[in-house]
Amino acid sequence: MIDKAEKVVIMITGTILALFVFSILYAKTKYKSDIPECLPYDKAYTEPKVNKIDEKTYQVFAVAQMWTFQPAEIYIPVGSEVDFFLTSKDVVHGFNIAQKNINMMAIYGTINKTTVRFDKPGVYDIVCHEYCGAGHQNMRAQVIVNYPKAK
Ligand code: CUA
């Protein structure tokens, strides 16, 4: 037997949940935001690196650690598509590229992944937006888009 009040609460909860799911799917379609994926932890990924797949395709293996991101500067040409892989060597850190609507968490023992296209030249700031200790406010990196023109 479910109490009437309980039924009401279940209905409200269900409606709010449906709204959340709807807004995620709406944002994915409307703003073309990529929903980050969680990958199984790969022991091979311990060092930060940038892999160039071809002229317009890159992989960034980013490592967050109190209180830096490595690589700290990522140089790519305009129009590049970048797969960001992200992990942490210690506590939970944030990974936010505000201009690109990217919001990921760097978690020890876990890899998160998202794909971003950089169609405009410029400097894109990556900031840690999860409080991670005394140096949190200094934890940042940059994606620098345009370097073939700068040569
Ligand atoms: Cu890392 Cu805040």
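**Thoughts on the domain arrangement of the protein**
Per the domain assignment, the segments making up the protein are domain 1 (1-34) and domain 2 (37-147). The gap between the C-alpha centroids of domain 1 and domain 2 is 31 Å.

**Observations regarding the side chain of Lys113**
By the element assignment, Lys113 lies in strand β9 (residues 111-118). Lys113 sits in the buried class, given a relative accessible area of 15%. The residues touching Lys113, leaving out its near neighbours within four places in the chain, are Pro36, Glu37, Leu39, Asp83, Phe84, Phe85 and Met104.

**Focus: unusual backbone geometry**
A cis amide bond, omega -10°, links Met66 with the succeeding residue Trp67. Structurally, the position occupied by Trp67 is in the loop between β3 (57-65) and β4 (68-70). With an omega dihedral of -10°, the bond running from Gln70 to Pro71 counts as a cis peptide bond. Mapped onto the elements of the fold, Pro71 is located in the loop between β4 and β5 (73-76). For Asn101, which is not a glycine, the phi torsion comes out positive at approximately 60°. Note that Asn101 resides in the loop between β7 (93-97) and β8 (102-106).

The rules behind these values
- Residues numbered from 1 in each chain as written.
- Predicted model: local features only at pLDDT ≥ 70, side-chain atom pairs only at ≥ 80, totals over all residues.
- Heavy atoms only, no water.
- Domains from an automatic or database assignment.
- Helix = DSSP H or I, 4+ residues; strand = E, 2+ residues; numbered from the N terminus.
- Buried < 20%, exposed > 50% of the residue type's maximum accessible area, 1.4 Å probe, protein only.
- Contact = heavy atoms within 4.5 Å.

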